Amino acid sequence: MKPDEEKCVIQHKLRSMYTRRDTMTQEASQPPAQYQQTDSQQEMSPAPQMDRSNNKGSGKLSGKVALITGGDSGIGQSVAILFAREGADVAVVYLKNQQDAEQTLQKVEQEGRRCVTIAGDVGDEAFCQQAVEQVVQAFGHLDILVNNAAEQHTQLSIEDISEAQLERTFRTNIFSMFFLTKAALKHLHQGSAIVNTTSVAAYKGNPQLMDYASTKGAIVAFTRSLSQSLIEQGIRVNAVAPGPIWTPLIPATMPEEKVKSHGSETPMKRAGQPEEVAPSYVFLASEDSSYITGQVIHVNGGMIVNG
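In this report, we go over the structure that sits alongside the text. Nothing here was measured: the structure is a model prediction, and the numbers come from that model. (Residues numbered from 1 in each chain as written. Predicted model: local features only at pLDDT ≥ 70, side-chain atom pairs only at ≥ 80, totals over all residues. Heavy atoms only, no water.)

**Focus on the sheet that holds strand β3 (residues 115–119)**
Ordered in space as β3-β2-β1-β4-β5-β6-β7, the seven strands form an open sheet in which the pairing is parallel. Lying at the two open borders of the sheet, with one neighbouring strand each, are β3 and β7 (296–299). This sheet shows a mean twist of 15° between the axes of neighbouring strands, independent of strand direction. Where strand β1 (residues 65–69) lies against strand β4 (residues 144–147), three bridges are found, and the strand directions are parallel. Bridge pairing in β4 places Ala66 opposite Ile144. Seen against the sheet, helix α4 (residues 125–139) touches β1, β2 (89–94) and β3 and runs at an angle of roughly 160° to β3. The strands touched by helix α10 (residues 274–285) within the sheet are β4, β5 (193–197), β6 (236–242) and β7, with β6 carrying the most contacts at an inclination of about 170°. (Pairing = 2+ DSSP bridges. Helix = DSSP H or I, 4+ residues; strand = E, 2+ residues; numbered from the N terminus. Axes fitted to C-alpha atoms, helices over the stretch in contact; angles between N-to-C directions. Contact = heavy atoms within 4.5 Å.)

Laid out in structure tokens, this is it:
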């Protein structure tokens with residue numbers, strides 16, 4: 001190849017590389033500044049991207065039954081859709097957003113799978129026990145538990161975090177995982193999987209979400225400890241640590257200008273979408289990850305974390 005021809009080839013490759021990089025970083029435009037009084041997905045602008053049409057599914061979860069907390073919207077809804085596409089029946093546990101939960105149910109049923117929705121507070125152990133029994137009664141068994149429900153409350157200082165807020169955040173985000181796992185354990189079996197949702201905040205911290213970040217750190221320790229406890233039973237326990245993802249929690253709990261810049265601090269310069277996180281849950285719930293337990297997958301737009 002002549003020098004000029006070689007130079008042209010190199011330039012073409014560089015242009016292609018940077019074009020792909022631009023596409024990757026600009027895949028979704030930043031949301032406008034906004035605030036909403038509820039955490040309903042129906043009020044978000046733009047609507048989060050929940051379901052990649054090019055993801056066809058391949059039966060990775062065929063015949064399985066999954067219980068997903070916080071499955072009415074955001075990451076949980078996207079996981080429910082993808083689990084159904086991979087062959088699983090799905091139970092969705094949610095707090096109060098019935099319209100979002102019904103949308104999840106419809107999307108699961110559109111995939112040809114069964115779905116039940118269960119409303120209640122996962123911070124209440126009695127409710128968690130009832131929810132698990134309701135799932136087993138509806139489907140006959142339980143194979144996958146996705147502990148995903150969470151809440152956050154922005155505060156400028158630790159002095160602004162009340163005892164009631166502190167307890168509420170811990171009950172929803174980490175107590176619920178103990179409650180649901182305890183209730184589900186007698187129904188789980190060799191080959192079952194538990195997938196917990198932690199956060200990049202567990203590794204990087206967040207001065208305005210101190211109690212939330214603390215619960216997410218606890219989830220990492222819980223995942224590692226539980227995985228060691230259940231390994232001899234053949235039950236794998238892993239976690240996903242999303243970075244800044246466009247979910248209802250963002251416009252419902254963050255200042256408007258923070259919403260506008262959500263995700264811009266990542267190397268990809270944008271917030272992620274629920275559909276970009278959900279495949280990690282499929283991987284950890286399926287036999288594709290049969291030699292993985294006690295680990296965390298980081299889906300965060302390129303942020304490097306330690307620990």
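**Some remarks on empty space enclosed by the protein**
Enumeration according to the criterion identifies one cavity of 30 Å³ or more in this entry. Reported here for the largest cavity is a volume of approximately 60 Å³. Residues belonging to the lining of the largest cavity are distributed by class as follows: five nonpolar, two polar and three charged. (1 Å grid on protein atoms, 1.4 Å probe; cavity = no way out; pocket = protein on both sides within 12 Å on 5 of 7 lines; lining within 4 Å. Points joined across faces, edges and corners; volume = space filled by probe spheres on them. Nonpolar A, V, L, I, M, F, W, Y, C, P; charged D, E, K, R; others polar.)

**Notes on the packing of helix α2 (residues 74–85) against helix α3 (residues 98–110)**
Following both chains from N to C, one finds α2 and α3 inclined at 15°, their axes separated by 9 Å at the closest point. The orientation of α2 with respect to α3, classified from their angle, is roughly parallel. In terms of crossing hand, the pair formed by α2 and α3 is right-handed. Contacts between α2 and α3 involve Gln77, Ala80, Ile81 and Ala84 on the former and, on the latter, Asp100, Gln103, Thr104, Lys107 and Val108. Residue composition of the contact of α2 with α3, grouped by class: four nonpolar, three polar and two charged. (Parallel < 35°, antiparallel > 145°, perpendicular 65-115°, else oblique. Left-handed = near helix turned anticlockwise from the far one by under 90°.)

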